[in-house]
Amino acid sequence: MNASRTTVRSASPAKLLATAALAALSLTVAGVAATPAAAAPSGTGSTSRGPLPTASSNGWAGAGIKYHQSQTQKQQPNTGSPNTGSPNTVSPSTTSSYRSAPPGYPQGIDVSSNDHDYGTPPDWPTLAANGYTFAYVKATEGTTYTNPYFATDYAAAKQNGLDVGAYVFARPDSPDPAAQADYLYQQMKWTADGKTLPPMIDMEWPYFSGYNACYNLTVDQMVNWLTTFVKELRGKIGVAPVIYTAPSWWQQCTNNSAAFTSSPLFVSSCATTPPAVPGWSTWTFWQYDIKACGDDPPNDQDVFNGTVTQLNNLAYPLGNSCFPPMVGDTNGDHHADTVLMCHRPDNSIGLFTSLGDATGAFGTFTSGYTLPPNAWDWNSFRTISGDFNGDGRADVAAMYHFSTGAISMC
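Residues numbered from 1 in each chain as written. Predicted model: local features only at pLDDT ≥ 70, side-chain atom pairs only at ≥ 80, totals over all residues. Heavy atoms only, no water.

The bond known as a disulfide is covalent and runs between the sulfur atoms of two cysteines. One pass over the full model with this rule turns up one disulfide. Here Cys214 pairs with Cys253 through a disulfide, and the sulfurs are 2.0 Å apart. Between Cys214 and Cys253, the S-S dihedral sits near -85 degrees, and the bridge is therefore left-handed. Residue Cys214 is located in the loop between strand E5 (200-202) and helix H7 (219-237), and its partner Cys253 is located in helix H8 (residues 247-254); the two are separated by 39 residues in the primary sequence. Residue classification places Cys214 among the buried positions, given a relative accessible area of 0%. (Disulfide = S-S within 2.5 Å. Helix = DSSP H or I, 4+ residues; strand = E, 2+ residues; numbered from the N terminus. Buried < 20%, exposed > 50% of the residue type's maximum accessible area, 1.4 Å probe, protein only.)

Spelled out as structure tokens, the structure:
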């Protein structure tokens, strides 16, 4: 189990210069293009919409899974109304027995007001002392509900050294994805402080009656709804949000859409190993134990697919210092693009690209590739751009001086 992190990062002059350059670019939405529409698989429901909710409600990451499971097993159905947003009733347990964390992964939790309401509020100092390194805290649902414990849990997790992200329980039963994204942005306290994880969008079954698994949307409608949400939120923060889902829901309601590969995957599964989710090549977070798994964890249990350093990089995507952006046509469309090369705390180098368009506007900086940590010295770097291979597109080269005295280009 990893020890909690207490490193304090300070911004270098180079980082400040890069931040100013980023602000000056007047970034617009990069866009997440939906794949060609596919026919709705059997069971996704009709195109008609159910009654719209008049108030947001109190779902959590796994609430729809639990309710879906109860319906599948012919247990007592939820009596909550989608119009009033009454939550699925869950009785607090008197015991606490849950699975051990999969070995080798940084461990975290996700929490909502339900953790407080049912007697298991997160004990942040103890979690940090036990090696937990990250948390996701529910912030909003719909356009009116804010978790009353969000601000205190969010701040306490950060104060105890965890990387923290906010999440929204998405409500596709209401045709306002941009408004829901805006409301999350207003409430989630987004800041590039090196401890803030990308926000997470919880996409799963409704936890109330009155709708089918896909909120009465077709596959095309669901993909378009989520595309709008992602584009709106990403356009405000310049970072692709995380998408939380279960494999079977994703297959049924999006037909395994591959339109969201720029968003890290947060997969929920009670299996002993994380299942593959078509549309992504790998998972980033795995919710491996919740009450719907038949256990009784005090809080939902998660792991990150990588090292603590990689987790920190996700919360601190640009790194400690960046070179001033370079300009060139990187994709061959005859419009100038910008490229940003940044140095991270682990001595890796991240490359970020922002594409220009016919209007002269730039999209958000998206991560390209990472040069792994090596024996180079930060002050020895020099970067240049140009069409080095004659393919009509701009390339980026970095020349660096190894501590051994060798010089290399990449």
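Resuming the write-up.
What follows concerns the packing of aromatic side chains. Tallying each qualifying case throughout the model produces 18 aromatic pairs. Measuring from ring centre to ring centre gives 5.1 Å for Phe134 and Phe285, while their planes differ by 55 degrees; the resulting arrangement is tilted. One end of the pair, Phe134, is in strand E2 (residues 132-141); the other, Phe285, is in strand E8 (residues 285-289), with 151 residues separating them in the sequence. For the pair Phe134 and Phe285, a shared accessibility class is recorded, and that class is buried. (Phe/Tyr/Trp six-rings, centres within 6.5 Å; stacked < 30°, edge-to-face > 60°.)

Judged by nonpolar contacts, the single largest core of 57 residues is most densely connected at Trp124, Met203 and Phe260. Looking at which element gives the most residues to this core, the answer is H7, with nine residues. Ignoring anything within four residues of it in the chain, the contact list for Met203 reads Ala170, Pro172, Met222, Trp225, Leu226, Ile243, Tyr244, Thr245, Ala246 and Trp249. One finds Phe134, Tyr136, Phe266 and Leu311 within the second-largest nonpolar core, a separate group that totals twelve residues. (Core = buried A, V, L, I, M, F, W, Y, C linked by side-chain atoms within 4.5 Å. Contact = heavy atoms within 4.5 Å.)

Interhelical geometry of helix H6 (residues 177-187) versus H7 gives an angle of 35 degrees and a closest axis separation of 8 Å. Two packed elements cross with a definite hand, and for H6 against H7 that hand is right-handed. Along its contact with H6, which presents Pro177, Ala178, Gln180, Ala181, Asp182, Leu184 and Tyr185, the element H7 presents Trp225, Thr228, Phe229, Glu232, Leu233, Lys236 and Ile237. The class makeup of the residues in the contact of H6 with H7 is nine nonpolar, two polar and three charged. (Axes fitted to C-alpha atoms, helices over the stretch in contact; angles between N-to-C directions. Left-handed = near helix turned anticlockwise from the far one by under 90°. Nonpolar A, V, L, I, M, F, W, Y, C, P; charged D, E, K, R; others polar.)

So, about the confidence of the model for the protein. For the protein, mean pLDDT is 72; residues scoring 70 or higher make up 60% of the total. Note on residues 66-95: pLDDT under 50 across the span, and 56 contacts to partners over four residues away in sequence or across chains. (pLDDT = per-residue confidence, 0-100.)

Moving on, we come to the pairing of strand E4 (residues 163-169). Buried residues dominate E4, accounting for seven of its seven residues. Burial along E4 is two-sided: the residues Asp163, Gly165, Tyr167 and Phe169 and Val164, Ala166 and Val168 are all buried. In this view, the connection linking E4 to its parallel neighbour E5 by way of H6 has right-handed handedness. (Right-handed = clockwise from strand over helix to strand, strands pointing away.)

Now for H7. Structurally, the α-helix is built with 3.6 residues per turn, so residues lying three or four positions apart point the same way. Helix length check: H7 (19 residues) gives 27 Å between terminal C-alpha atoms against 27 Å at 1.5 Å per residue, within 8%. Listing the buried residues of H7 in full gives Val219, Met222, Val223, Trp225, Leu226, Thr227, Phe229, Val230, Leu233, Arg234 and Ile237. Once H7 ends, the next one or two residues include Gly238, with phi positive near 75 degrees. (Expected span 1.5 Å × (residues − 1).)

A word on unusual backbone geometry. Although it is not a glycine, Tyr215 adopts a positive phi angle of roughly 60 degrees. Considering the arrangement of structural elements, one finds Tyr215 in the loop between E5 and H7. One non-glycine residue, Asn216, lies in the positive phi region at around 65 degrees. Under the relative-accessibility criterion, Asn216 is labelled buried at 14%.

Glancing now at the packing of H7 against H8. A pair of packed helices is captured by two measures, namely the crossing angle of their axes and the spacing between those axes. Between H7 and H8, the least distance of the axes is 7 Å, while the angle of their chain directions is 110 degrees. Between H7 and H8, the angle falls in the class roughly perpendicular. Facing H7, whose interface residues are Val219, Met222, Val223 and Leu226, H8 presents Trp249, Trp250, Gln252, Cys253 and Thr254. Each residue belonging to the contact of H7 with H8 can be placed in one class, and the counts come to seven nonpolar, two polar and no charged. (Parallel < 35°, antiparallel > 145°, perpendicular 65-115°, else oblique.)

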